[in-house]
Amino acid sequence: MSDDVMPIEDYLAQGGMLTSPDNVPARYRGELLRLMASFVDSELAGAAGFADIINDAPGIKERISAARIVLEKTDHAGRVLEVMGSFGVDTRRYANHHPWAARVARDADIGAARREGDMRLSVFHYPLAGWADAVVMNLLMGKASVIQLNELSRVSYQPLADVFRIILPREARHTELALVGLERIAETPEGRAEIAASLAYWRPRVAASFGLAGSVRYETLSRFGLRHTPNETLLAQWEGAVESALSALPLN
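By convention here, each chain's residues receive numbers from 1 onward along its written sequence. Only residues with pLDDT of 70 or above have their local features reported here, since the model is predicted, and side-chain atom pairs are shown and tallied only from 80 upward, although totals for entire chains, interfaces and linings are computed over all residues. Calculated side-chain values reflect all of the structure's heavy atoms, with hydrogen atoms and water omitted.

What to know about the overall build of the protein chain
Then, in step 1: The numbering of helices and of strands both runs from the N terminus, where a helix is a DSSP run of H or I of at least 4 residues and a strand a run of E of at least 2. Across its full length, the protein chain carries 9 helices and 0 strands.
Then, in step 2: If you list the helices and strands of the protein chain from N to C, you get α-α-α-α-α-α-α-α-α.
Then, in step 3: Values of the radius of gyration come from C-alpha atoms, whereas the globule rule sets the reference at 2.2 Å times the count of residues to the power 0.38. In terms of overall size, the protein chain behaves like a compact globule, its C-alpha atoms giving a radius of gyration of 19 Å where 252 residues would be expected to give roughly 18 Å.
Then, in step 4: Projecting the C-alpha coordinates of the protein chain onto the three principal axes gives extents of approximately 65 × 35 × 30 Å.
Then, in step 5: Long-range contacts, defined here as pairs at least 24 residues apart, represent 71% of the contacts in the protein chain between residues at least 6 apart.
Then, in step 6: We get accessible surface area from the Shrake-Rupley algorithm with a probe of 1.4 Å; when it comes to residues, only the shown protein chains can shield them. Looking at the protein chain as shown, the accessible area adds up to about 11900 Å², and 54% of this sits on carbon and sulfur atoms.
Then, in step 7: Residues scored as positive are Lys and Arg, those scored as negative are Asp and Glu, and His as well as the terminal groups of each chain are ignored. To locate a charge, take NZ of a lysine, CZ of an arginine, CG of an aspartate or CD of a glutamate. A distance of 2 Å separates the average location of the 27 positive side-chain charges in the protein chain from that of its 32 negative side-chain charges. Here a residue-residue contact requires only that any non-hydrogen atoms of the pair lie within 4.5 Å.

And the structure:
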């Protein structure tokens, strides 16, 4: 379909799909690469942070679960990085271009800011503080990832949408593992206290990963078919999913 028959933004806004870097307009290409970089950087940073906590796991099953999460998050980053490679990104250098395990101070407040070319979501700049804290963060961010991946699975660049559909059920499984871990931690008063403290710490930081309500950038992405659901709607879905998950835990 040529641009003189239908403007590319109209084509995309009406559900049209692009399938090759060869027919991608420059502005669309920039937004698509930004979206992919944010996902890849977040997965690499998330995997690096969780890798540091594996040895804090209380048993073999928990260590296996944590190692599986690290492995699969790294694999997810690799799958999306392959798509970036089709746009000319140097995939061999990319994975080492930033210290993914680097973190800000625990009491820092960076909002939703990106830092020094690192495109990870801001929540992945904060450090984990022990096993219970890591499991709480994994549950909250896992719920967010499932909602965000449901959205990303509808992107208008078909090869990327296909990859996200493969990744989605694996990220959902990570959330299930986190819930099992929290059930075990919640068996003791000390564990329940740790969970409460970590929930208070991580909930606002994960919430910030959904972005601002009424985002101007969302409107741009929507025109390109790279987004379909406003930030505030996704945030409300996440809040509902978190409340549902926590209601099943003996936290009181």
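Some details on the nonpolar core
Generally speaking, a soluble globular protein has its nonpolar side chains buried in company with each other.
Then, in step 1: By convention a nonpolar core is built from buried Ala, Val, Leu, Ile, Met, Phe, Trp, Tyr and Cys residues, the set being connected through side-chain atoms within 4.5 Å. Between buried and exposed lies partly exposed: a residue is buried under 20% and exposed over 50% of the maximum accessible area for its type, with that area taken using a 1.4 Å probe on protein chains only. Counting 79 residues, the largest nonpolar core has Tyr28, Met36, Val80, Tyr157, Leu160, Phe164 and Trp238 as its most contacted members.
Then, in step 2: The set of elements that each furnish at least two residues to this core consists of α2 (26-51), α3 (60-85), α5 (131-152), α6 (158-185), α7 (189-207) and α9 (231-247).

Structural notes on the pattern of salt bridges
Then, in step 1: By convention in these notes, a salt bridge is any Lys or Arg side-chain nitrogen within 4 Å of a carboxyl oxygen on Asp or Glu. What the rule picks out here adds up to 16 salt bridges.
Then, in step 2: Where Arg184 meets Glu62, a salt bridge forms, and the shortest distance between an N and an O atom there is 3.1 Å. Note that Arg184 is positioned in helix α6 and Glu62 in helix α3, a separation of 122 residues in sequence.
Then, in step 3: Glu62 gets classed as buried once you look at its relative accessible area, which sits at 15%.
Then, in step 4: Taking the shortest distance from any N to any O, the salt bridge between Arg154 and Glu151 comes out at 3.8 Å.
Then, in step 5: When its relative accessible area of 3% is taken as the criterion, Glu151 is described as buried.
Then, in step 6: When salt bridges with common partners are traced through the structure, they connect Arg68, Glu72, Asp75, Arg79 and Arg170 into a single cluster.

A short note on the environment of Asn138
Then, in step 1: Summarising the element assignment, Asn138 is placed in helix α5.
Then, in step 2: Separated by 129 residues in sequence, Asn138 and Glu9 have C-alpha atoms that sit 37 Å apart.
Then, in step 3: Asn138 has contacts with Phe50, Ile69, His174 and Ala178, leaving out every residue within four places of it along the chain.
Then, in step 4: Between N or O atoms, a polar contact is any pair within 3.5 Å; within protein, one atom must be a potential hydrogen donor and the other a potential acceptor, and residues adjacent in sequence are included only when both atoms are from side chains. Among the polar contacts made by the side chain of Asn138, one reaches the main-chain carbonyl oxygen of His174 at a distance of 3.4 Å.

Brief notes about the packing of α2 against α3
Then, in step 1: With axes taken as lines fitted to C-alpha atoms, and helix axes fitted only over the stretch in contact, angles between N-to-C directions fall between 0 and 180 degrees. One can describe the packing of α2 onto α3 by two numbers: an axis separation of 8 Å at closest approach and a directional angle of 160 degrees. When the axis of α2 is compared with that of α3, the two are roughly antiparallel. Judged by the sense of rotation from one axis to the other, the crossing of α2 with α3 is left-handed. From α2, Leu33, Met36, Ala37, Phe39, Val40, Glu43, Leu44, Gly46, Ala47, Phe50 and Ala51 reach across to α3, where they touch Ala66, Ile69, Val70, Lys73, Thr74, His76, Ala77, Val80, Leu81, Val83 and Met84.
Then, in step 2: By the convention adopted, Pro, Cys, Tyr, Trp, Phe, Met, Ile, Leu, Val and Ala count as nonpolar, Lys, Arg, Asp and Glu as charged, and the other residues, Gly among them, as polar. In the contact of α2 with α3, the residues fall into 17 nonpolar, 3 polar and 2 charged. Convention used here: angles under 35 degrees read as roughly parallel, angles over 145 as roughly antiparallel, angles from 65 to 115 as roughly perpendicular, and any remaining angle as oblique. Handedness of a crossing is defined here by the sense of rotation of the near helix relative to the far one, left-handed for an anticlockwise turn of less than a right angle and right-handed for a clockwise turn.

Looking at the packing of α5 against α9
Then, in step 1: It is at 9 Å that the axes of α5 and α9 come closest, and there the two elements cross at 140 degrees. If you check the angle between α5 and α9, you find them oblique. Read as a crossing pair, α5 and α9 show a hand that is right-handed. Of α9, the residues touching α5 (which contributes Leu139, Leu140, Lys143, Ala144, Ile147 and Glu151) are Leu234, Gln237, Trp238, Ala241, Val242, Ala245 and Leu246.
Then, in step 2: In terms of residue class, the contact of α5 with α9 is made up of 10 nonpolar, 1 polar and 2 charged.

Description of α9
Then, in step 1: Counted at 1.5 Å a residue, the expected span for α9 with its 17 residues is 24 Å, and the 24 Å between its end C-alpha atoms agrees.
Then, in step 2: Those residues of α9 that fall on the buried side of the exposure criterion are Asn231, Leu234, Trp238, Val242, Ala245 and Leu246. Mapping the buried residues of α9 onto a view down its axis gives an arc of 100 degrees, with all of them on the same face.
Then, in step 3: Elements that come into contact with the buried residues of α9 comprise α5, α6 and α7. Expected span of a helix: the number of residues minus one, times 1.5 Å. Directions from the helix axis toward the C-beta atoms define the arc.

Some points on the packing of aromatic side chains
Then, in step 1: Any Phe, Tyr or Trp ring, taking Trp's six-membered ring, that has another such ring centre within 6.5 Å forms a pair; planes under 30 degrees apart are called stacked, those over 60 apart edge-to-face, and the others tilted. On inspection of all chains with the given rule, the structure shows 8 aromatic pairs.
Then, in step 2: Both rings, one in Tyr126 and one in Tyr201, keep their centres 6.2 Å apart while their planes meet at 90 degrees; by these two values the pair is edge-to-face. Placement of the pair is Tyr126 in the loop between α4 (91-94) and α5 and Tyr201 in helix α7, with a sequence separation of 75 residues.
Then, in step 3: Residue class for Tyr126 comes out buried when judged on its relative accessible area of 4%.

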